[in-house]
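Secondary and tertiary structure notes
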Amino acid sequence: MKKVLFALAADIAVTSVAQADFPLESLVRGAASEVVRSVVSDAPQQRGGEPATGTVPAAPASAASTSSSAPKAGCFKTRAKPLPPLGPRPDSYAPEILWPEDTGCDYYKFSDLKFDKGKAQKKAFEDASKVACSDCEGGYSFDAWAHFFLIKGGNSYEKFTPMLIALKPGQSLSWKGARYSGTVQATGEHPIGPYPCRQYHWTLKSGKNVVAEREGLYCEVKGEYAASATWREVL
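None of the values given here were measured: they were computed from a predicted structure.

**Quick word on the overall build of the chain**
Within the chain, the secondary structure is distributed over five helices and seven strands. Sequence-ordered secondary structure for the chain, helices as α and strands as β, is α-α-α-β-β-α-α-β-β-β-β-β. Residues counted as buried form 28% of the 235 residues belonging to the chain. Sequence separation of at least 24 residues holds for 41% of the intrachain contacts in the chain that already meet a minimum separation of 6.

Rendered as structure tokens:
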């Protein structure tokens, strides 16, 4: 349609030049104006607030970008349903360092809970128990590793856990390492949310002098692929 209009306008302009003594510039300008009016009148019109025929409506905003369930900044992203929040630490739960730290994020399994302060305390305790050892891997051993001294034979770590869980609050286990002596005492049986947990206090001594102390925690939780819950070391 536009090609026909332009051709017609050009023909009108040429004919006008041949029949009248008007300036060529005025004729061309008039023919161009006529073409513009024709094209505008031929264009699709918008009616009733709806897009004109042939136009593409704007895409709606993505549902994901407006979802109220989107994870907070810095939190783990998953489609799984989060577990109920633990809430604040109960007054009866002690010591405070054995309560999960508030990260502001949802959690989906027990291992998502954070105990960074407790882990740092445990590492400092183990580092304090480090002793040189000529026949040890790496040239060092750790007197804080009670299971090596209390249990002889293989699987000492697995066998040590039932020994700790069997302790009642106030009861303890003691051992003598290469340089330091150690004691771990059961101090409580306070749960963390729905998880049964038990608390312990570890002490490392050189003679009568205390070298280091830390808090320990075991909880009864179900592993990702485990058939049932078992007692596991948290700290």
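After that view of the structure, there is still more to cover.
**A few points about the layout of surface pockets**
Empty space within the largest pocket amounts to approximately 840 Å³. Surrounding the largest pocket, 32 residues form its lining, Thr103, Gly104, Cys105, Asp106 and Tyr107 being those nearest its centre. Taken together, the residues that form the lining of the largest pocket break down as 17 nonpolar, six polar and nine charged. Around the second largest pocket sit 13 residues that line it, and Lys109, Phe110, Ser111, Val221 and Arg232 are the ones nearest its centre. Split into classes, the residues belonging to the lining of the second largest pocket amount to five nonpolar, two polar and six charged.

**Observations concerning the pairing of strand S4 (residues 181–188)**
Where strand S3 (residues 172–176) and S4 come together, five bridges link them in antiparallel fashion. Within S4, the position partnered with Lys176 by the bridge is Ser181. In the sheet, S4 pairs with strand S5 (residues 197–206) via seven bridges, with the strands oriented antiparallel. Among the inter-strand pairings, Gly188 is bridged to a residue of S5, identified as Gln199.

**What about the pattern of salt bridges?**
Tallied over the entire structure, the rule returns four salt bridges. Between Arg89 and Glu96 there is a salt bridge; the shortest N-O distance is 3.9 Å. The partly exposed category is assigned to Arg89, whose relative accessible area is 29%. A salt bridge links Lys122 to Glu233; the nearest nitrogen and oxygen atoms lie 3.1 Å apart. Here the residue Lys122 occupies a position in helix H3 (residues 116–128), and Glu233 occupies one in strand S7 (residues 229–233), the gap between them amounting to 111 residues.

**Section: the packing of aromatic side chains**
Tallied over the entire structure, the rule returns nine aromatic pairs. Summarising the aromatic geometry, the rings of Phe125 and Trp202 are spaced 6.3 Å apart at their centres and angled 75° between planes, so their arrangement reads as edge-to-face. With Phe125 in helix H3 and Trp202 in strand S5, the pair connects residues that are 77 residues apart, well separated along the chain. We classify Phe125 as buried; its relative accessible area is 1%. Above the ring of Tyr140, the side-chain terminus of Lys130 is found at 4.1 Å from the ring centroid. The ring centre of Trp202 lies 4.4 Å from the NZ or CZ of Arg214, which sits over that ring.

**Regarding the sheet that holds S5**
With antiparallel pairing, the five strands of this open sheet are ordered in space as S3-S4-S5-S6-S7. The open sheet has two edge strands with one neighbour each: S3 and S7. For this sheet, the mean angle separating the axes of adjacent strands, direction not counted, is 20°. Two strands pair when backbone bridges link them, and strand S6 (residues 209–222) and S7 are joined in this way by five bridges, in the antiparallel orientation. Bridge pairing in S7 places Glu220 opposite Trp231. Against the sheet, H3 touches S5, S6 and S7, its axis set at about 130° to S6. Against the sheet, helix H5 (residues 156–165) engages S3, S4, S5, S6 and S7, with an angle of about 110° to S5.

Here is what the cut-offs are and how they apply
- Residues numbered from 1 in each chain as written.
- Predicted model: local features only at pLDDT ≥ 70, side-chain atom pairs only at ≥ 80, totals over all residues.
- Heavy atoms only, no water.
- Helix = DSSP H or I, 4+ residues; strand = E, 2+ residues; numbered from the N terminus.
- Buried < 20%, exposed > 50% of the residue type's maximum accessible area, 1.4 Å probe, protein only.
- Contact = heavy atoms within 4.5 Å.
- 1 Å grid on protein atoms, 1.4 Å probe; cavity = no way out; pocket = protein on both sides within 12 Å on 5 of 7 lines; lining within 4 Å.
- Points joined across faces, edges and corners; volume = space filled by probe spheres on them.
- Nonpolar A, V, L, I, M, F, W, Y, C, P; charged D, E, K, R; others polar.
- Pairing = 2+ DSSP bridges.
- Salt bridge = Lys/Arg side-chain N within 4 Å of Asp/Glu carboxyl O.
- Phe/Tyr/Trp six-rings, centres within 6.5 Å; stacked < 30°, edge-to-face > 60°.
- Lys NZ or Arg CZ within 6 Å of the ring centre and 35° of its normal.
- Axes fitted to C-alpha atoms, helices over the stretch in contact; angles between N-to-C directions.

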